[in-house]
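# Chain and residue survey
As a plain string of letters, each chain reads:
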Amino acid sequence: MKGIVLAGGTGMRLYPLTQVVSKQLMPVYDKPMIYYPIATLMQAGIKDILIITTEEDSQKFRDLLGDGKLWGIELQYCIQDKPRGLAHALIVAEKFVANDSFAMILGDNLFYGQTLPSSLQNAVKKESGCTVFGYHVANPSQYGVVDFDQSGRVTSIEEKPVQPKSHYAIPGIYFFDSQAIQFAKNVKPSKRGEMEITDVLLQYLSEQQLTVEIMGRGIAWLDTGTHQDLLVAAQFIATVDNRQGLKINCPEEVAFRNGWITAEELRNIAQPLKKSGYGEYLLNLLEELK
């Protein structure tokens, strides 16, 4: 399975701060925001990842992330020239996807939890159809809302409904088979001028190929769409780090624990960062295994 990180071009800028730098290049506590979605895909076992970004930010992402080999993965890049919607991003990724299944994650969505890797890996194992997640929220009218029966079969999806049928929002991570590209090509722009991902999901629903998995209370989903959301995310990550001594979505750690990089490669990454808490954390991972 392949992975896509949508790191710009579609409703993902916080003005005026990000007139200078893309939001996904800004730090969320101790690392750039883009690290978090990449690490999430890595936890799902995905190594082949496409970064979709804007033309003006493309080189900045390349300078920061390179080809991904430092983390034992392969990163490619392509450009979404205008904010045309998430469904349009699927079309942009057509050449990369080819006939494979893939996951797409929004570059400003952060996920954390003990059961998260197993949930993601279960979605990866499905050979056909589309899998989305349901996350219980207090304010569902601000999100795409999924309703489902007791067997987990999806009965409806609505985008920011005035009267939501459930309290389950669809977070910004989706698992698709290769049909998604053609479904995206069938989508017409909405009233706000974007090709909505909801319209892709509805096509899967009409084919009875849409599955919802519930993210339980042990999983945190942080959507950093506003300045307040960014602050909350940074505070949450700092609290876990300072309380438990564990870092959230650290790509180097995920790569090491997945066996994608060796202890020596991890040490080489950590040494230049030795004077920082980040480098010290990576070196401590090696000490734990002695």
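Each chain has its residues counted from 1, running along the sequence as written. Where totals are concerned, whole chains, interfaces and linings use all residues; where local detail is concerned, this predicted model gives features only for residues with pLDDT of at least 70, and gives and counts side-chain atom pairs only at 80 or more. Only hydrogens and water are set aside; all other atoms, that is, all heavy atoms of the structure, feed into the side-chain values.

### Observations concerning the environment of proline 164
Examined against the element boundaries, proline 164 turns out to sit in the loop between β10 (154–159) and β11 (168–169). Categorising residues by exposure relies on relative accessible area from a 1.4 Å probe, with only protein chains included: less than 20% of the type maximum marks a residue as buried, more than 50% marks it as exposed, and the intermediate range marks it as partly exposed. Taking relative accessible area as the criterion, proline 164 reaches 30% and is therefore assigned partly exposed. When the C-alpha atoms of proline 164 and lysine 47 are compared, they prove to be 37 Å apart, with 117 residues separating the residues in sequence. It only takes one pair of heavy atoms within 4.5 Å for two residues to be counted as in contact. If we skip the residues at most four places from it in the chain, proline 164 touches Pro140, Ser141 and Val145. Counting from the N terminus, the helices are DSSP H or I runs at least four residues long and the strands are E runs at least two residues long.

### Focus: the pattern of salt bridges
Whenever a carboxyl oxygen of Asp or Glu lies within 4 Å of a side-chain nitrogen of Lys or Arg, that contact is scored as a salt bridge. A full pass over the atoms with the stated rule returns 14 salt bridges. Between lysine 247 and aspartate 30 there is a salt bridge; the shortest N-O distance is 2.8 Å. Within this pair, whereas lysine 247 is found in the loop between α8 (227–244) and α9 (251–257), its partner aspartate 30 is found in the loop between β2 (27–28) and β3 (31–32), the two being separated by 217 residues in sequence. Of the charged contacts, one joins aspartate 57 and lysine 60 as a salt bridge, the two residues approaching to 3.7 Å between their closest N and O atoms. Separated by 3 residues within a single helix, aspartate 57 and lysine 60 lie in helix α2 (residues 55–65), roughly one turn from each other.

### Points about empty space enclosed by the protein
Both cavities and pockets are sets of points on a 1 Å grid over the protein atoms alone; in a cavity a 1.4 Å probe fits but cannot get out, in a pocket the set is open with protein on both sides within 12 Å along at least five of seven lines, and lining residues sit with an atom within 4 Å of a point. Grid points are joined across faces, edges and corners, and a volume is the space filled by probe spheres set on the points. Inspection of every chain in the model, using the stated rule, returns 1 cavity of 30 Å³ or more. Computed from the structure, the largest cavity encloses a volume of approximately 40 Å³. Together, Met1, Ser101, Ala123, Lys126, Ser128, Gly129, Thr131, Phe175, Phe176 and Asp177 line the largest cavity.

### Some thoughts on the confidence of the model for the chain
Should the pLDDT be low somewhere, the predicted coordinates at that spot are not to be read in detail. The pLDDT score gives, residue by residue, the confidence of the prediction method on a 0 to 100 scale. Within the chain, residue pLDDT values average 91, and 94% of them lie at 70 or more. The spread of mean pLDDT over the elements of the chain runs between β2, the lowest at 90, and strand β12 (residues 173–176), the highest at 98.

### Focus: unusual backbone geometry
Among all residues except glycine, the phi angle is most often negative; among peptide bonds, the trans geometry is most common. A positive phi angle is found at alanine 98, which is not glycine, with a value near 55 degrees. Tracing the backbone shows alanine 98 in the loop between α4 (94–97) and β6 (102–106). Overall, the relative accessible area of 41% leaves alanine 98 in the partly exposed class. In this structure, asparagine 249 takes a positive phi of about 55 degrees despite not being glycine. Mapped onto the elements of the fold, asparagine 249 is located in the loop between α8 and α9. On the basis of relative accessibility, which here comes to 6%, the residue asparagine 249 falls in the buried class.

### As for the environment of leucine 90
Structurally, leucine 90 can be placed in helix α3 (residues 86–92). Residues leucine 90 and threonine 131 lie 41 residues apart in sequence; the distance between their C-alpha atoms is 15 Å.

### Observations concerning helix α7 (residues 197–206)
Most of α7 sits inside the fold, with 7 of its 10 residues counted as buried. Among the residues making up α7, those that are buried are Ile197, Thr198, Val200, Leu201, Gln203, Tyr204 and Leu205. Positive backbone phi, at 55 degrees, marks glutamine 208, one or two positions downstream of α7.

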